[in-house]
Amino acid sequence: MTNETSHPDLYLLAGASPALAATLAERFTLHRQTPPATTRAIVGGGSSVVDAALLDRLPALEIVAIHGVGYDGIDLAATRARSIAVTTTPDVLTDDVADLAIGLMLAVQRRIVANDCAVRGGGWQVDPARRASGRRIGVFGLGRIGNAIATRAAPFASELHYTARSAKPNFAGVFHADIAELAAACDVLVIAAPGGNATSHIVDATVLAALGRDGILVNIARGSLIDEAALIAALEDGTIAGAGLDVFADEPAVPDALKTMGQVVLSPHQGSATVDGRAAMAALVVANLDAHFAGTPLITPL
Ligand code: 8YV
């Protein structure tokens, strides 16, 4: 254990739990506002922004340890150019995010949240929901999380469809190169691809129209993948039937229009937020930092 004066400076962005912050404080001098030029490490969440302007202010920076799997806010060209290591926390959150996707899929179709509100308000009227089994289910993005969603969705699916960078010969589903084709082929479309420029607003009015009036959209990835204005319009005019959303374009802001819709289930970006998952993510962040400062190989580098 190093003594207090030799603790490296660490810039702590949003995303760390109090427990992780406490563990980091044993090893580092934490900065939450303005990081000093001597900052050697950054810890941030999956959506944290680490751009070239920030890196230019931190010439001593050696490592960015992400508490999450997303890195759409990290300028990887800029970190690479400066030989700054970047780590994430893959695998340990896969099951939790996939579980939430299935939860949202079921909650929207069976009107679980709307009916919960009705019962709490003294109601007992049951407007039949729609059957959740036997649906054509599509997954956009077949990485670790998309795969786990597909595995869980299979028992609910009459057909499984997917879009990925390339067809997966060992995956028991129908490949679509194009997301509009995928949407047209399914009743439930689950978004599980990374954010970033390549996928920005990829779910637009055309894709929503292809999903159709019986279609349900579930997003556990990033709000940036969806044209939120187009989604609101599609929900308002019945172009699609409903949506389950864990992520939004401008978190923590959620459009008021979505809050009034009974066919929508809203969730506060909680995909990885289980006690077990968050503990494992925090442990992996610390393990990567420990490895870096001990000069040993990183556990989960990008
Ligand atoms: C975390 C995420 O909630 O993994 C990601 O990319 O968005 C989430 O699992 C986020 O990193 C905050 O810590």
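How each quantity is defined
Residues numbered from 1 in each chain as written. Predicted model: local features only at pLDDT ≥ 70, side-chain atom pairs only at ≥ 80, totals over all residues. Heavy atoms only, no water. Core = buried A, V, L, I, M, F, W, Y, C linked by side-chain atoms within 4.5 Å. Buried < 20%, exposed > 50% of the residue type's maximum accessible area, 1.4 Å probe, protein only. Helix = DSSP H or I, 4+ residues; strand = E, 2+ residues; numbered from the N terminus. Contact = heavy atoms within 4.5 Å. Near = heavy atom within 4 Å. Polar contact = N/O pair within 3.5 Å; in protein donor to acceptor, adjacent residues only side chain to side chain. Areas by Shrake-Rupley, 256 points an atom, 1.4 Å probe, with all protein chains shown as cover. Nonpolar A, V, L, I, M, F, W, Y, C, P; charged D, E, K, R; others polar. Pairing = 2+ DSSP bridges. Axes fitted to C-alpha atoms, helices over the stretch in contact; angles between N-to-C directions. Parallel < 35°, antiparallel > 145°, perpendicular 65-115°, else oblique. Left-handed = near helix turned anticlockwise from the far one by under 90°.

Caption draft 1: Structural detail: the nonpolar core. L142, I149, V188, V218 and I220 are the most contacted members of the largest nonpolar core, which has 30 residues in total. Elements with a minimum of two residues in this core: α4 (94-109), β6 (135-140), α6 (144-153), β7 (157-163), β9 (188-191) and β10 (216-219). Here this core takes 9 residues from α4, the largest share from any one element. Leave out the neighbours within four places in its chain, and V218 touches A101, L104, M105, V188, L189, V190, I191 and G244. Counting 28 residues, the second-largest nonpolar core is a separate cluster that includes V203, V207, I226 and L245.

Caption draft 2: Molecular detail of the site of the ligand. The full set close to the ligand counts 12 residues, and G46, H67, V69, G70 and H269 are the nearest of them. H67 is positioned such that a nitrogen or oxygen atom in its backbone is 2.6 Å from an oxygen atom of the ligand. Between the ligand and H269 there is a distance of 2.7 Å, counted from an oxygen atom to a side-chain nitrogen or oxygen. Starting from 330 Å² of accessible surface for the ligand in isolation, the protein chains cover 89%. When the residues that make up the shell around the ligand are grouped by side-chain class, the tally is 2 nonpolar, 8 polar and 2 charged.

Caption draft 3: Spotlight on the sheet that holds strand β3 (residues 39-45). Taking strand neighbours across the sheet as the criterion, the 5 strands line up as β2-β1-β3-β4-β5 in an open arrangement whose pairing is parallel. Single-partner strands in this sheet number two, and they are β2 (29-31) and β5 (85-87). Mean inter-strand twist for the sheet, computed between neighbouring axes without regard to direction, equals 20°. Pairing analysis gives 3 bridges linking strand β4 (residues 63-67) to β5, with the strands arranged parallel. Looking at β5, one finds that I63 is bridged to A85. Across the sheet, helix α11 (residues 275-294) touches β1 (9-12), β3, β4 and β5, and the angle it forms with β4 is around 170°.

Caption draft 4: Quick peek at the side chain of T79. Within the secondary structure, T79 sits in helix α3 (residues 76-81). T79 gets classed as buried once you look at its relative accessible area, which sits at 1%. At a separation of 3.0 Å, a polar atom in the side chain of T79 contacts the main-chain carbonyl oxygen of L76. Once residues within four sequence positions are removed from consideration, T79 is found in contact with L55, I74, I84 and V86.

Caption draft 5: Quick peek at the packing of helix α1 (residues 18-27) against α11. Direction vectors running N to C along α1 and α11 enclose 15°, while the axes themselves pass 10 Å from each other. Regarding the angle of α1 to α11, the classification is roughly parallel. Crossing of α1 over α11 shows right-handed handedness. Of α11, the residues touching α1 (which contributes L20, T23, L24 and R27) are A282, V285, V286, L289 and D290. Of the residues assigned to the contact of α1 with α11, the class counts are 6 nonpolar, 1 polar and 2 charged.

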